[in-house]
Amino acid sequence: AQSVSQHNHHVILSEAASLELGCNYSYGGTVNLFWYVQYPGQHLQLLLKYFSGDPLVKGIKGFEAEFIKSKFSFNLRKPSVQWSDTAEYFCAVTVYSSASKIIFGSGTRLSIRP
Amino acid sequence: KAGVTQTPRYLIKTRGQQVTLSCSPISGHRSVSWYQQTPGQGLQFLFEYFSETQRNKGNFPGRFSGRQFSNSRSEMNVSTLELGDSALYLCASQGTEPWGYTFGSGTRLTVV
């Protein structure tokens, strides 16, 4: 069965620090990859997505992610975090054969110290 | 455009009861998916409806069911509630753009 692993459960950073959240998936076929963010008390929002083409995708709020097919990874990065980035981040994947089913990772809680 | 609307926002039920949650997708969206979010299990796919037909299903017991109406609004029903059903239930709608899911704010169900 397909799965998504986020190895960092809770990350604590100071403002202006660089961020990298890890995401690995297990599926050998064609996938679509996503990062969602859930700010405290708010609904899930799409940060960025990868379908095909350039493996480096840029999303909203200065986030980017790189798809490395050989490593089955889709890590999220931001060069300089802000206090407002405090949220929970979810990596997710859909597979070609079941495109309507999103498989989520367990999430990474990001806390930013002002 | 209006987002995905889920009602009610909060719900408290007693073990053994049943509950119905509602989701109104973005106007024009025909696909509605449901997810259960818990601290222990994270976000798990329940099922997806498209044009009133269940198109995909996750690994939940038969106590969890859903339906979709001709106006694309969807309902999710959980019968014989258990304490472990306490969760945030999220609905997502999708339009014609590929994998363009928009999530609602969810219904927080507490079973006591």
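Structure: see above.
The text that follows walks through the structure, step by step, so that each part is easy to find. (Residues numbered from 1 in each chain as written. Chains lettered and ligands numbered in written order. Predicted model: local features only at pLDDT ≥ 70, side-chain atom pairs only at ≥ 80, totals over all residues. Heavy atoms only, no water.)

Details of the interface of chain A and chain B
Right, on to step 1. In this complex, chain A contributes 15 residues to the contact, which on the side of chain B involves 16 residues.
Right, on to step 2. Viewed at the interface, chain B and chain A are joined by zero salt bridges.
Right, on to step 3. Taken together, chain A and chain B are joined by two residue pairs in polar contact (both at pLDDT 80 or more).
Right, on to step 4. For the side of chain A that touches chain B, the secondary structure elements donating two or more residues are β5 (31-38) and β10 (87-95) of chain A.
Right, on to step 5. With four residues, the single largest contributor to the side of chain A that touches chain B is β5 of chain A.
Right, on to step 6. Residue classes in the side of chain A that touches chain B are distributed as eight nonpolar, six polar and one charged. (Contact = heavy atoms within 4.5 Å. Salt bridge = Lys/Arg side-chain N within 4 Å of Asp/Glu carboxyl O. Polar contact = N/O pair within 3.5 Å; in protein donor to acceptor, adjacent residues only side chain to side chain. Helix = DSSP H or I, 4+ residues; strand = E, 2+ residues; numbered from the N terminus. Nonpolar A, V, L, I, M, F, W, Y, C, P; charged D, E, K, R; others polar.)

Some details on the packing of aromatic side chains
Right, on to step 1. Applying the stated rule across the entire model yields 16 aromatic pairs over all chains.
Right, on to step 2. Considering the side-chain rings of F90 of chain A and F104 of chain A, the 6.3 Å spacing of their centres and the 90° angle between planes classify their relative orientation as edge-to-face. Note that F90 of chain A is positioned in strand β10 and F104 of chain A in strand β11 (residues 103-104), a separation of 14 residues in sequence.
Right, on to step 3. A relative accessible area of 1% places F90 of chain A in the buried class.
Right, on to step 4. You can call F104 of chain A buried: its relative accessible area is 8%.
Right, on to step 5. A centroid spacing of 5.5 Å and a plane angle of 65° characterise the contact between Y35 of chain B and F45 of chain B, whose relative ring orientation is edge-to-face. With Y35 of chain B in strand β4 (residues 31-38) and F45 of chain B in strand β5 (residues 42-50), the pair connects residues that are 10 residues apart, well separated along the chain.
Right, on to step 6. Three or more aromatic residues joined by ring pairs make a cluster, and in this case those are F34, Y36, F51, F90 and F104 of chain A together with Y35, F45, Y101 and F103 of chain B.
Right, on to step 7. The ring of F50 of chain B has R55 of chain B lying over it, and the distance from NZ or CZ to the ring centre is 4.4 Å. (Phe/Tyr/Trp six-rings, centres within 6.5 Å; stacked < 30°, edge-to-face > 60°. Buried < 20%, exposed > 50% of the residue type's maximum accessible area, 1.4 Å probe, protein only. Lys NZ or Arg CZ within 6 Å of the ring centre and 35° of its normal.)

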